[in-house]
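Observations on the three-dimensional arrangement
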Amino acid sequence: MRFTFWLLAFVALAQDNKPQEVEKLAPYYPTPETIVQKMLQLGELKPGEKMFDLGSGDGRIVIMAAEKFRANAVGVEWDKELYKQSTDKIQSLRLQKTAKIINGDIMQQDFSSADMITVYLLPNSNDKLRPILEKQLKKGTRIVSHDFAFKDWKPEKEETIDDDGEGRSHTLYLYRR
Ligand SMILES: C[S@@+](CC[C@H](N)C(=O)[O-])C[C@H]1O[C@@H](n2cnc3c(N)ncnc32)[C@H](O)[C@@H]1O
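Since this is a predicted model, take the numbers as computed values, not measurements.

Side note on the packing of helix H2 (residues 33-42) against helix H3 (residues 60-67)
- Their axes nearest at 10 Å, the elements H2 and H3 cross at an angle of 55°. It follows that H2 is oblique to H3 by the angle criterion. Relative to H3, the crossing made by H2 is right-handed. Across the interface between the two elements, Glu33, Val36, Gln37, Met39 and Leu40 from H2 touch Arg60, Ile61, Met64 and Ala65 from H3.
- Here the residues of the contact of H2 with H3 sort into six nonpolar, one polar and two charged.

Below you can see the structure in the form of structure tokens.
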């Protein structure tokens, strides 16, 4: 539910009053697996394509992209615990050749090789990210955003899932550069 996401964001960002190098663009709030699959389907991810999940949490999007869609998948996650948890899972599933997590800041990466991008961040974080993606992404790259649209971009498709089985509704936005 979007309200829970906002509440978590408020608490996490309010507690986070230490100066730090990495700006926290959203709290950790995972996408349900059924919605992960819909995001990757909406973005028409194909075998061998390069995808990035920006703020990869426990790695579920990267793992499904590599395991089910046979993509070359990369996550970016600044939180050390989540980085370790997702990297351990990738190793235990023997997906190291096609899935990896960068322990770093989304704002400092090069996404120019991406065929597809997934994001689940806050609206003002999408605003900060937009010029970076506009500058870096090659023509035709698909971006799928969970719940929050990118201002000034016109979605090619919008899909709402009224109930994910746990009473939560989700909206997905597909953009093409
Ligand atoms: C809402 S969660 C989404 C997790 C995952 N993409 C999913 O959909 O299940 C956002 C994630 O972004 C990470 N994050 C926030 N700011 C970041 C930054 N500047 N660089 C890298 N990761 C960041 C958080 O730690 C969190 O795991």
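And the narrative resumes.
Comments concerning the pairing of strand E5 (residues 142-146)
- Summarising burial for E5: five of the five residues are buried, a large majority.
- The alternating pattern of E5 places Arg142, Val144 and His146 on one face and Ile143 and Ser145 on the opposite face, and all of these are buried.
- As defined by bridge partners, strand E4 (residues 116-119) adjoins E5 across four bridges and the pair is classed as parallel. Residue pairing across strands places threonine 118 opposite valine 144, the latter belonging to E5.
- With helix H5 (residues 123-136) bridging E4 and the parallel E5, this β-α-β connection has right-handed handedness.
- Bridging between E5 and strand E7 (residues 170-176) involves five bridges; their strand directions are antiparallel. Residue pairing across strands places isoleucine 143 opposite tyrosine 175, the latter belonging to E7.

What about the environment of glutamine 136?
- By the secondary structure assignment, glutamine 136 is in helix H5.
- We classify glutamine 136 as partly exposed; it has 16 C-beta atoms within 10 Å.
- In this structure the C-alpha to C-alpha distance between glutamine 136 and alanine 114, which are 22 residues apart in sequence, comes to 9.3 Å.
- When near neighbours in sequence (up to four residues on either side) are disregarded, glutamine 136 contacts Asp110, Phe111 and Ser112.

Quick look at the sheet that holds strand E1 (residues 50-54)
- Ordered in space as E3-E2-E1-E4-E5-E7-E6, the seven strands form an open sheet in which the pairing is mixed. Sheet topology places strand E3 (99-102) and strand E6 (157-161) at the edges, where each strand pairs with a single neighbour. Shown here is a sheet whose adjacent strand axes are inclined to one another by a mean of 15°, direction ignored.
- Note that E1 and E4 share four bridges and pair parallel. Each residue of the ladder has a partner; that of aspartate 53, found in E4, is threonine 118.
- Lying on the sheet, H3 is in contact with E1, strand E2 (72-76), E3 and E4; it crosses E2 at an angle near 175°.
- Most of the contacts of helix H4 (residues 80-92) go to E3, to which it runs at about 165°, and overall it touches E2 and E3.

Reading guide: rules and limits
Residues numbered from 1 in each chain as written. Predicted model: local features only at pLDDT ≥ 70, side-chain atom pairs only at ≥ 80, totals over all residues. Axes fitted to C-alpha atoms, helices over the stretch in contact; angles between N-to-C directions. Helix = DSSP H or I, 4+ residues; strand = E, 2+ residues; numbered from the N terminus. Parallel < 35°, antiparallel > 145°, perpendicular 65-115°, else oblique. Left-handed = near helix turned anticlockwise from the far one by under 90°. Contact = placed C-beta atoms within 7 Å. Nonpolar A, V, L, I, M, F, W, Y, C, P; charged D, E, K, R; others polar. Buried ≥ 20, exposed ≤ 12 C-beta atoms within 10 Å, placed from the backbone. Pairing = 2+ DSSP bridges. Right-handed = clockwise from strand over helix to strand, strands pointing away.

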